[in-house]
Amino acid sequence: MKKFIMFFLICVVILTGCATTNQKTIKKASKNLTEYSMDIVYDNYTLNVNQNVNYINKDSAMHDKLYFHLYPNNFDAGATNKPVSSLHYDRAYPNGFSAGNIQIESVQLNGNDAKYVFVGADNDFLEIALDDSVAPDDKCTISMQYSVTIPNCLHRFGYGDNTINVANFYPILCVYEEGKWLMEPYHSNGDPFYSCVANYNVNITYPSNLIIAHTGYDTNTSVGETTTTLFTSALAVRDYAFVISDKFQVVSGKAGDTQVNYFYYDDDHALDSLQAGIDAINTFSSTFGSYPYQTFNVVKANFIHGGMEFPNLVYISDAVREKADYLNVIIHETAHQWWYGLVGSDAYRFGWLDEGLTDYSCAVFYKANESYGVDYDKLMQSTMDNYHTFVDIYTKVLGNIDTSMNRNIADYNSEAEYVYLAYVKGALLFDNISQVIGYNKLMKVLSAYFEKYKFTNVTPDNFIDTLEKISKREMRSYVNSWLEGKVKL
Ligand SMILES: [Zn+2]
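Below is a summary of the structure that appears in this document. (Residues numbered from 1 in each chain as written. Predicted model: local features only at pLDDT ≥ 70, side-chain atom pairs only at ≥ 80, totals over all residues. Heavy atoms only, no water.)

## Considerations on the packing of aromatic side chains
- Per the stated rule, a full pass over the model turns up 46 aromatic pairs.
- Seen in terms of ring centroids, Phe75 and Phe157 are 5.1 Å apart; in terms of plane orientation they differ by 75°. Their pairing is edge-to-face. Taken together, the positions of Phe75 in the loop between strand 3 (63-69) and helix 2 (89-92) and Phe157 in strand 9 (residues 157-159) put the pair 82 residues apart, joining distant regions of the chain.
- Its relative accessible area of 1% is what places Phe75 among the buried residues.
- Between Phe75 and Tyr186, the aromatic rings sit 5.9 Å apart at their centres with planes inclined by 90°, giving edge-to-face as the arrangement. Taken as a pair, Phe75 in the loop between strand 3 and helix 2 and Tyr186 in the loop between strand 13 (180-182) and strand 14 (198-207) lie far apart in primary sequence, 111 residues in all. Here Phe75 and Tyr186 have matching classes, each one buried.
- Directly above the ring of Tyr376 sits Lys367, whose terminal nitrogen or CZ lies 4.5 Å from the centroid.
- Taking NZ or CZ as reference, Lys367 lies 4.6 Å from the ring centre of Tyr439, over its face. (Phe/Tyr/Trp six-rings, centres within 6.5 Å; stacked < 30°, edge-to-face > 60°. Helix = DSSP H or I, 4+ residues; strand = E, 2+ residues; numbered from the N terminus. Buried < 20%, exposed > 50% of the residue type's maximum accessible area, 1.4 Å probe, protein only. Lys NZ or Arg CZ within 6 Å of the ring centre and 35° of its normal.)

## Re the environment of Leu428
- Among the structural elements, Leu428 can be located in helix 7 (residues 415-437).
- Residue Leu428 is classed as buried on the basis of its relative accessible area of 3%.
- The contact partners of Leu428, leaving out residues within four places of it in the chain, are Met380, Thr383, Met384, Tyr387, Trp482 and Leu489. (Contact = heavy atoms within 4.5 Å.)

## Focus: the sheet that holds strand 7 (residues 125-134)
- Read from one edge of the open sheet, 4 strands run 6-7-3-11, paired in antiparallel fashion. Two strands lie at the open edges of the sheet, namely strand 6 (115-119) and strand 11 (172-173), each paired on one side alone.
- Summarising the sheet, strand 3 and strand 7 pair through 6 bridges and their orientation is antiparallel. Its bridge partner being in strand 7, His63 is matched across the sheet by Val134. (Pairing = 2+ DSSP bridges.)

## Here's the deal with the packing of helix 3 (residues 270-287) against helix 4 (residues 323-335)
- The N-to-C vectors of helix 3 and helix 4 enclose an angle of 35°; their axes lie 9 Å apart at closest approach. Every pair of crossing elements has a handedness; the one defined by helix 3 and helix 4 is right-handed. Where helix 3 abuts helix 4, its residues Asp272, Ser273, Ala276, Gly277, Ala280, Ile281 and Phe284 lie against Lys323, Tyr326, Leu327, Ile330, Ile331, Thr334 and Ala335.
- A class-by-class count of the residues in the contact of helix 3 with helix 4 yields 9 nonpolar, 3 polar and 2 charged. (Axes fitted to C-alpha atoms, helices over the stretch in contact; angles between N-to-C directions. Left-handed = near helix turned anticlockwise from the far one by under 90°. Nonpolar A, V, L, I, M, F, W, Y, C, P; charged D, E, K, R; others polar.)

## As for unusual backbone geometry
- The phi torsion at Asn168 lies on the positive side, around 50°, for a residue other than glycine.
- Structurally, Asn168 can be placed in the loop between strand 10 (164-166) and strand 11.
- By relative accessible area, Asn168 is classed as buried at 3%.
- For Phe455, which is not a glycine, the phi torsion comes out positive at approximately 70°.

## With respect to the sheet that holds strand 18 (residues 242-245)
- One open sheet holds the 4 strands; their spatial order is 9-10-18-15, and the pairing between them is antiparallel. Two strands lie at the open edges of the sheet, namely strand 9 and strand 15 (211-214), each paired on one side alone. With strand direction ignored, the average angle separating the axes of adjacent strands in the sheet is 15°.
- Pairing of strand 10 with strand 18, which is carried by 3 bridges, proceeds in the antiparallel orientation. Paired with Val166 across the two strands is Phe242, which belongs to strand 18.

## A look at the side chain of Asn261
- Along the chain, Asn261 turns up in strand 20 (residues 258-264).
- Assessed through its relative accessible area of 10%, Asn261 is described here as buried.
- A polar contact of 2.8 Å, which involves the side chain of Asn261, links it to the side chain of Asn297. (Polar contact = N/O pair within 3.5 Å; in protein donor to acceptor, adjacent residues only side chain to side chain.)

Laid out in structure tokens, this is it:
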């Protein structure tokens, strides 16, 4: 996500793949994955959904229960773990508080009624008991029927005057790691999401006057008297989101064999916005490794922060008014297709690993695209200046400052502290690595890291291992000193 914070300033085309290569990449990556199938009927800010999950246990442990996130319940009245902090409350709810939630109506396991309970402070997890334990590589089928109420909230999940943002709306499997299910609650800091790559077949029925931008690609369309059904698929992605509007205009172009679409309203520079998405896909494909999907949708949306990344689809906030800032958000969210979308990591615990690298990737973009008029060295210097100002202010106010980056998002003292450490100091870490091992060597590290870990989930150790292997230097203690807040910048 790109945060929208005052004085947080961070603010060719050699394609490495061809259609056949990318199609082969996706075909291989999508083999033997859990599959989500959804039939969604949208009307008047509600969804009625039939969901089928063909689950494949990819973990090394037996499972006798499965856990799903129910993020919409964090938007409900009285929720403990709210998605919106008091700092942003008025902007997020321009018409006063509006509740969102998910009502699970029934759940079946392999076609029979399942035993399930809601857990978590906000009933924001669904625990389903399995009749027989599911062994590694074994399968089971979970079916659910549910309805979703979308709140009037300018957030990832919510609607405003121009768009209906439908993300984090469906039960999605928690990640099982190191012998436990990771069930961190929602948090207003950062992007509190973590999931595994899966395949999606999603059909959306909606009033025909609306236009939908979504993760994945269209496989068919059926037009009825008053409604349209869009049949979509998305293979080897870690989430599925869509945005609805009756105001969308669309411009499209190509980045290699990827169709890039820009869905917008009120943009005098629509073609420049589209071009930024195309340039970003091309630059990051040639620098880090090929973007393998058929589509990429840049979507203007009612959203209180700068932008938000989902697989194949990014929100760009209509509250970002300056053109250069708007293009910067497009570049940032596009970089997340590599660092989040393809190389996944736990954003609760390792915010710097995707946000720091994503913000640093913007500097890489500007270095490769001089026409954008942002000088790499000046950008990194202003990033450092911002960081120093943050440290000075916090030290004066609090007497001292914790600059460690290896904290859970809930353990930062404020949103600003999280932003300056995960994004700003995170970007400075990658720039500093480039000074230690050389810029071109760092690009080799990042492309090797991408190639080895795309479609998987990583930890900081995976990055450090790749860094040491490519640079042929001991780098662990150096990186750890940054993460632990021991380096004085
Ligand atoms: Zn971000």
